[in-house]
Amino acid sequence: MPADTHESLYEQLFSPGTIGTKKTVNRFTAQPMEANDGELDGSVSQRALDRYAKLAQGRWGITVVEAVSITEDSRARVNGLVISRKNLDSFRRLVDTFRAYHPEGILLFQITHAGRKAGPTSRKAGMYEDGSGDVHILSDAEVEEVRQGFLDAADLAWEAGADGIDFKICHGYLGSEMLRPANLRDGKWGGSFENRTLFLFSSIRELKKKYARSGFIVGSRVSMFEGIRGGCGTADGGSLIEDLTEMKQIISGMAQAGADYINVSAGIPGVTSEITRPTNQSRWFFLHHFRYCREAREAAGNAALIGSAYTILKEQACSLAEENLTKGLADFIGFGRQVFADPLYPEKVRTGRQPDYCISCSGCTRLMIRQVNDGCMVYDPYYKQLAKETFGR
Ligand SMILES: Cc1cc2nc3c(=O)[nH]c(=O)nc-3n(C[C@H](O)[C@H](O)[C@H](O)COP(=O)(O)O)c2cc1C
Ligand code: SF4
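## Let's talk about the overall build of the protein chain
Looking only at helices and strands, the protein chain has 13 helices and 13 strands in total. With the C-alpha coordinates of the protein chain rotated into their principal frame, the extents come out at 60 × 45 × 45 Å. Relative to its 393 residues, the protein chain shows a buried fraction of 62%. Considering only residue pairs separated by 6 or more positions, the protein chain has 69% of its internal contacts joining residues 24 or more positions apart. When the accessible surface of the protein chain is summed, it comes to about 15200 Å², and 51% of that surface belongs to carbon and sulfur atoms. For the protein chain, the distance from the average position of its 48 positive side-chain charges to the average position of its 49 negative side-chain charges is 2 Å.

Structure (C-alpha cells):
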C-alpha cells in the first residue's frame with residue numbers, strides 16, 4: 001500500500017467489508033440522496049445517469065440509489081424515480097452505467113412509498129389519523145397492495161441488475177409510520193408489536209427465501225428515534241421521550257428474518273430535521289447517531305450495520321469513522337450530503353487529494369423543498385445557477 005496516500009492512514013475504512021454474501025471494496029457508503037431529476041413518469045433521466053456515473057468514479061463501497069417509489073402516486077418529489085416494468089430499461093441503464101465505472105461497487109435500490117410525505121402529484125396516505133388533515137388512511141387491503149408493491153419493486157431491482165434493495169422504513173415515510181407505537185389502528189397492520197412489524201418482517205423473510213441462492217442483498221433503513229409523540233424509538237403511543245427498547249426488538253426481528261444489513265438513521269426530515277441531518281448549529285447530534293448504532297449493534301446479530309450522518313464531521317469524519325469501525329460500532333460509514341458535495345470523496349481521500357467538504361448550508365434541501373432538481377449549490381455550477389433562478393440570488 002503506498003505510504004503517501006490516506007489509504008494507509010485509514011486502514012479500516014479502506015479495508016474490504018462484507019454485506020450478506022458479498023464483499024465491498026471499502027467501508028464508505030453513499031447514502032440515498034433524492035435529486036428530483038427523473039423523467040415525469042419516474043424513469044431514470046440522462047441527468048440521473050450522469051450523477052450515478054460520477055458517483056461510481058468515487059468508488060464508494062456501497063452506493064444506495066435514492067428513494068425509488070413503487071408507483072407514480074407514492075412519490076415525495078414531482079420528478080422522483082419510480083420503478084415499474086415500463087421504466088425498467090432506464091434502471092438497467094443506471095446499473096450498466098454505474099458498473100462501467102465501478103464494477104466491484106455494491107449497488108442497492110432504496111424502495112419506498114412516501115406515505116403522508118407524498119408530494120403535490122401524489123396522494124398523501126397514512127396508517128392512522130393524526131389530525132394532520134388531508135391524508136387518505138389506507139385500508140388493510142391497500143396496505144397489502146403496498147406490501148406487494150415493495151416485493152414487486154424488489155423483483156424489478158433484481159431484474160435491473162442491482163445487488164440488492166433497501167426498504168425505506170425511516171424518515172416518516174409510510175414504512176416508518178407502520179412501525180410506530182402510535183399506529184394503533186384496528187386490523188392486521190396496527191396495534192400489537194406483531195401487527196406493526198408484519199409488513200417489514202414478512203417482506204424480508206419472503207425475499208430472503210426467494211433469493212436465497214442468488215446473494216441478492218435485502219435490508220432496510222430505519223429511524224431509531226423519530227422525535228415525535230408515539231414515534232419510532234418511544235415506549236408507547238403517548239410518549240415523546242426516547243426509549244429504544246422496541247427499536248432494538250425490531251432490529252433483532254429484522255436480523256432473525258434474514259436481513260443482510262440495517263442502515264441506522266433517525267428523525268423525520270421536515271419535522272425533526274436536525275435529528276436526521278445535523279447542521280452547524282446542531283453539530284453534536286452526530287453523537288446521537290453514533291449511539292444509535294452502538295445500541296443497534298447487539299440486536300443486529302450478523303447483519304451489517306451502516307451508520308449515518310457523518311457529513312457534519314468534515315475533516316474529522318474519516319478518523320472518527322476509523323475509530324467506530326475499529327471498535328465494532330459500525331461496519332459501514334454512511335455519508336449523505338457529502339455525496340452531493342463531492343461524489344468523488346472516497347477516491348480523493350484514498351489518493352490524498354483535497355475533497356470538497358459539504359458546508360452544511362442546507363441549500364440542497366431548500367432546492368428539494370421547492371420541487372426543482374436538487375444537488376450541491378455550493379460546488380456544482382448547475383445547481384448554483386438553479387439556486388439563483390429559484391431563490392433570486
Ligand atoms: C437533499 C437530500 C435528499 C435526501 N434523500 C434521501 C433519500 O432519498 N433517502 C433517504 O433515506 N435519505 C435521504 N436523505 C437523508 C440522507 O441520506 C442522510 O441520512 C442525511 O442527510 C444525514 O446524513 P449526512 O449528515 O451525512 O448528510 C436526503 C437528504 C438530503 C439533504
Ligand atoms: S448544498 Fe450545502 S448542504 Fe447541500 S451538499 Fe452542498 S454544501 Fe452541503
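The discussion continues.
## Focus: the site of ligand 1
Neighbouring residues of ligand 1: 21 residues in total, closest Gln-110, Arg-221, Thr-311, Gly-336 and Arg-337. Within the contact set of ligand 1, an oxygen atom lies 3.2 Å away from a backbone nitrogen or oxygen of Ala-67. Thr-311 has a polar side-chain atom sitting 2.5 Å from an oxygen atom of ligand 1. Protein contacts shield 98% of the accessible area of ligand 1, which totals 610 Å² for the unbound molecule. Given that more than half its atoms are within 2 Å of the pocket grid, ligand 1 belongs to the largest pocket. Of all the secondary-structure elements, those providing two or more residues to the shell around ligand 1 are helix H10 (337-341) and helix H12 (363-369).

## Some details on the site of ligand 2
Among the 13 residues in the neighbourhood of ligand 2, the closest are listed as Cys-358, Cys-361, Ser-362, Cys-364 and Cys-376. Mapped by element, the contributors of at least two residues to the shell around ligand 2 are H10 and H12. With three residues, the single largest contributor to the shell around ligand 2 is H10. Grouping the amino acids of the shell around ligand 2 by side-chain chemistry returns nine nonpolar, three polar and one charged.

## Looking at empty space enclosed by the protein
Gaps left between atoms are located by rolling a probe of water-molecule size over the structure's atoms. Taken as a whole, this structure holds three cavities of 30 Å³ or more when the rule is applied. In this model, the largest cavity occupies a volume close to 100 Å³. Taken together, 14 residues form the lining of the largest cavity, with Cys-358, Cys-361, Gly-363, Cys-364 and Cys-376 sitting closest to its centre. Among the secondary structure elements, those contributing two or more residues to the lining of the largest cavity are H10 and H12.

## Here's the deal with the pairing of strand S9 (residues 164-169)
Judged by how many residues are buried, S9 sits mostly within the fold: six of six residues are covered. With burial as the criterion, each face of S9 is covered, one bearing Gly-164, Asp-166 and Lys-168 and the other bearing Ile-165, Phe-167 and Ile-169. Note that strand S6 (residues 106-112) and S9 share four bridges and pair parallel. Among the inter-strand pairings, Gln-110 is bridged to a residue of S9, identified as Asp-166. Pairing analysis gives six bridges linking S9 to strand S10 (residues 217-223), with the strands arranged parallel. Along S10, the bridge assignment pairs Asp-166 with Gly-219.

## Points about the layout of surface pockets
In this model, the largest pocket occupies a volume close to 700 Å³. Listed by contribution, the elements that provide at least two residues to the lining of the largest pocket are strand S4 (62-69), helix H7 (273-276), strand S13 (332-335), H10 and H12. Here the lining of the largest pocket takes four residues from H12, the largest share from any one element. Across the lining of the largest pocket, the residue classes break down as 15 nonpolar, 13 polar and ten charged. Of the pockets and cavities examined, the second largest pocket occupies roughly 440 Å³. If you go around the second largest pocket, you meet 24 residues; those closest to its centre are Arg-51, Lys-54, Phe-340, Pro-343 and Asp-380. Among the elements that make up the lining of the second largest pocket, the one with the highest residue count is helix H1 (residues 46-57) (six residues). Here the residues of the lining of the second largest pocket are counted per class, giving twelve nonpolar, two polar and ten charged.

## Let's talk about the pattern of salt bridges
For the coordinates displayed, the defined rule picks out 28 salt bridges. Asp-163 is the salt-bridge partner of Arg-99, the closest N and O atoms lying 3.1 Å from each other. Of this pair, Arg-99 sits in helix H2 (residues 88-101) while Asp-163 sits in the loop between helix H3 (140-160) and S9, placing them 64 residues apart in sequence. Notably, a salt bridge pairs Arg-116 with Asp-130, separated by 2.8 Å at the nearest N-O pair. Separated by 14 residues along the polypeptide, Arg-116 in the loop between S6 and strand S7 (125-126) and Asp-130 in the loop between S7 and strand S8 (136-137) bring together distant segments of the chain.

Calculation notes
Residues numbered from 1 in each chain as written. Chains lettered and ligands numbered in written order. Predicted model: local features only at pLDDT ≥ 70, side-chain atom pairs only at ≥ 80, totals over all residues. Heavy atoms only, no water. Helix = DSSP H or I, 4+ residues; strand = E, 2+ residues; numbered from the N terminus. Buried < 20%, exposed > 50% of the residue type's maximum accessible area, 1.4 Å probe, protein only. Contact = heavy atoms within 4.5 Å. Areas by Shrake-Rupley, 256 points an atom, 1.4 Å probe, with all protein chains shown as cover. Lys, Arg positive; Asp, Glu negative; His and termini not counted. Charge placed at Lys NZ, Arg CZ, Asp CG, Glu CD. Near = heavy atom within 4 Å. Polar contact = N/O pair within 3.5 Å; in protein donor to acceptor, adjacent residues only side chain to side chain. 1 Å grid on protein atoms, 1.4 Å probe; cavity = no way out; pocket = protein on both sides within 12 Å on 5 of 7 lines; lining within 4 Å. Sits in = over half its atoms within 2 Å of the grid points. Nonpolar A, V, L, I, M, F, W, Y, C, P; charged D, E, K, R; others polar. Points joined across faces, edges and corners; volume = space filled by probe spheres on them. Pairing = 2+ DSSP bridges. Salt bridge = Lys/Arg side-chain N within 4 Å of Asp/Glu carboxyl O.

By themselves, these figures tell us nothing about what the structure is for.
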